[in-house]
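Architecture and fold: a report
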Amino acid sequence: MKKVLPFRNSLFTQISAVLIAITAVAFIGLFSFLQVTQDSTGKGSAINISGSLRMQSYVLSLTAARSARLPEAQRAEEIGGALKEFERRLSSQGLTDAIPNDPKDELRKTYDAISGSYFSTIKPLAEEVIHSPETELTLFLDTIPSFVSKIDQFVLDLEKDLEIKTRQIRIGLSLLMLFALLLFIFVRVYLRRILFDPLEELSSLSSSVRAGDFSRRSSYRKDNEIGNLSDSMNFMIEDLSRLYTNLEEEVKEKTADLNLQKDAIQLLYDLKNILFTAQLEREHLDKALLLITKRLDACSAALGLRSAGSDTLRFIAEADQTNYPPVQSFDIKLNEVLKKEYSILHFLRDEQKYSLACIPADINTTQLTLLILFKEDANVRVDREFTKNLGQEFAQAIDNSQKSVESRRLALFEERSTIARELHDSIAQSLAFSRIQIARLSTELHKGTVTPEVESILDELKLGVQTAYQQLRSVLTTFRLKPKSSDLKQNILSILDEFKERDGFHYTTDVELQSFELDANKQIHLLQILREALTNIEKHARADQVFVTLRPIASGKFRLVVRDNGCGIKGVKKEGHYGLEIMHERTRILGGVISIEPAVPNGTQVVVDFTP
């Protein structure tokens, strides 16, 4: 809204007043100088006319003297003409205009004296000379010099007055020049103070604003147009400063967001390089978690697997951060974590507050939770979508690893099936033919007399071939075995269901080992150990309950326990028990140890401790 200024405060009014004053002074001075100049011009004309009066006085006297011998009529004409010329000049406008009307003025007094002397003395005597030249001429001529003296004085007075007027003009011009100089200085200072200085300040202020300096403000506080402009400039700078500050903050925020997004993309890229390998192992997970800890300025990070129906996490990897408590040491309620896609748990440990970000992630059969530990007062530089992406990266990597393991497992099974076919078509048939031949040999030998030594050799030969045949059949069975699922737990359940259908026992399982934690070859050995243990239960235990557990027991180690409630065993001898020997050999391949011992209160249990 336009601000209405008081009339007297307006710069336009003030400058107009100054211009009017200057114009008025100029007009007054010009009028005065014109008047003085006009008076001076009139005085010059009056001096000329008064000088001609002096000459005309001499002409009058000369005419009177010369016409004394002429006839009266001619004399009257000549003297009358000279008188008329003198009177014309005496009363001429050029002379009378130069004479002030003030009766007290010296020029007026001198002029009046000359005029009075002329009309009272000179003219009457001249007229007398016309009539009586002999008697009056001498008196007339004697009167002329004193009259001329008065005219001379009058001329001198006119010249003095003209000189005074000229001096006044010079003084007036000097004063006018001095006034003009002072007026120039005044107007310059005045305009500088009320107009140019404020404009220069505003110009400098605009340059500062253009340069990005919003700290300066205009100090001009007059209630005029410049003051309004100054106030508007200050308001504009204030608004610009606020907008610029907000813009800077937004730019900083956007830059920070872009940096965070760049860091997030870089972190995801680095995670992919670490996790998406041919064979995912524990060291890859530890390295990835350590990378997350460093990039997010966290205390630690861990990865936990979830089992259906369980309210606890099994930690499979954690960043090695010795300066902070491990994530596994915190009491984490899995039910609370699974209620949300992203949750923050708060803990107090050794007078230090911690925040634990929990991010569940599920892909296919992989169910895990990523946990990132921060200090309570730290700036958690992650958002939900990004942490969900981190969790999904781990889940995807584990799922891909399981698929890779399954692919290698299928390739291995295919190779084993090929070997089994080759063995069946070659060695198995040869052993079968040897068995038949030994049976025929035994029949023929029994038709005659057989010594005990021959009988013993024959029995040993039968036993050797029979054992070799059984071992080969076992190898063929193993090689032909194909799991029904890519999930380790499902394969364990499939084997248990198979024996349950044959033997009728009931079973209970607790399996926490994930498929990706064990390569394809080790999975086969583990499943065969389980199968051999169940075979022994089927043949010897006469049990109706079987308990199978596969759980972690220490850092990086697992324990397989196969326990039954059967009749139990008195002792275990591996000699002659090819199934037990195979179980020990497979355990060695797993890098573990196996023990077969009585169970409490009854039955037998097979315990295999190994490292995946």
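Shown above is the structure to which this text applies.
No experiment lies behind these values; they were computed from the predicted model shown. (Residues numbered from 1 in each chain as written. Predicted model: local features only at pLDDT ≥ 70, side-chain atom pairs only at ≥ 80, totals over all residues. Heavy atoms only, no water.)

What to know about unusual backbone geometry
In this structure, Pro-601 follows Val-600 across a cis peptide bond, with omega equal to 5 degrees. Along the polypeptide, Pro-601 turns up in the loop between strand S9 (593-598) and strand S10 (604-610). Even without glycine at this site, Asp-297 takes up a positive phi of about 55 degrees. Of note, Asp-297 is situated in the loop between helix H7 (282-295) and strand S1 (300-306). (Helix = DSSP H or I, 4+ residues; strand = E, 2+ residues; numbered from the N terminus.)

Considerations on the side chain of Asp-157
With respect to the helices, strands and loops of the structure, Asp-157 is situated in helix H5 (residues 133-210). Buried and unpaired, Asp-157 has Lys-160 as its nearest opposite-charge partner, separated by 5.0 Å. For Asp-157, the contacting residues outside a window of four places in its chain are Leu-107 and Thr-110. (Buried < 20%, exposed > 50% of the residue type's maximum accessible area, 1.4 Å probe, protein only. Lys, Arg positive; Asp, Glu negative; His and termini not counted. Salt bridge = Lys/Arg side-chain N within 4 Å of Asp/Glu carboxyl O. Contact = heavy atoms within 4.5 Å.)

Some remarks on a negative patch on the surface
A cluster of like negative charges, contributed by Glu-248, Glu-249, Glu-250, Glu-253 and Asp-257, occupies part of the molecular surface. Considering the arrangement of structural elements, one finds Asp-257 in helix H6 (residues 225-275). (Patch = residues over 30% accessible without salt bridge, like charges linked within 9 Å, V, L, I, M, F, W, Y side chains within 5 Å. Areas by Shrake-Rupley, 256 points an atom, 1.4 Å probe, with all protein chains shown as cover. Charge placed at Lys NZ, Arg CZ, Asp CG, Glu CD.)

Quick notes on the packing of aromatic side chains
Per the stated rule, a full pass over the model turns up 6 aromatic pairs. Measuring from ring centre to ring centre gives 4.9 Å for Tyr-118 and Phe-119, while their planes differ by 80 degrees; the resulting arrangement is edge-to-face. Judged by its relative accessible area of 0%, Tyr-118 falls in the buried class. Every member of this aromatic cluster is reached through a ring pair, and the members are Phe-86, Tyr-118, Phe-119 and Phe-147. When the ring centre of Phe-499 is taken as reference, the NZ or CZ atom of Arg-502 above it lies at 4.4 Å. A cation over an aromatic ring shows up here: Arg-563 above the ring of Phe-547, its NZ or CZ 4.3 Å from the ring centre. (Phe/Tyr/Trp six-rings, centres within 6.5 Å; stacked < 30°, edge-to-face > 60°. Lys NZ or Arg CZ within 6 Å of the ring centre and 35° of its normal.)

Things to note about the sheet that holds S9
Pairing in this open sheet of 5 strands is mixed, and the strands run S6-S7-S8-S10-S9 from one edge to the other. Only two strands of the sheet have a single partner each, and these edge strands are strand S6 (506-511) and S9. Averaged over all neighbouring strand pairs, the angle between strand axes comes to 15 degrees, with direction disregarded. Most of the contacts of helix H11 (residues 488-503) go to S6, to which it runs at about 170 degrees, and overall it touches S6 and strand S7 (545-554). (Pairing = 2+ DSSP bridges. Axes fitted to C-alpha atoms, helices over the stretch in contact; angles between N-to-C directions.)

Observations regarding H7
Between the first and last C-alpha of H7 there are 20 Å, a value that for 14 residues agrees with the 20 Å anticipated at 1.5 Å per step. For H7, every residue scored as buried is listed here: His-284, Leu-285, Ala-288, Leu-289, Leu-291, Ile-292 and Thr-293. One or two steps after H7, the chain reaches Asp-297, where phi turns positive at roughly 55 degrees. (Expected span 1.5 Å × (residues − 1).)

Just distances and angles here, no functional claims.
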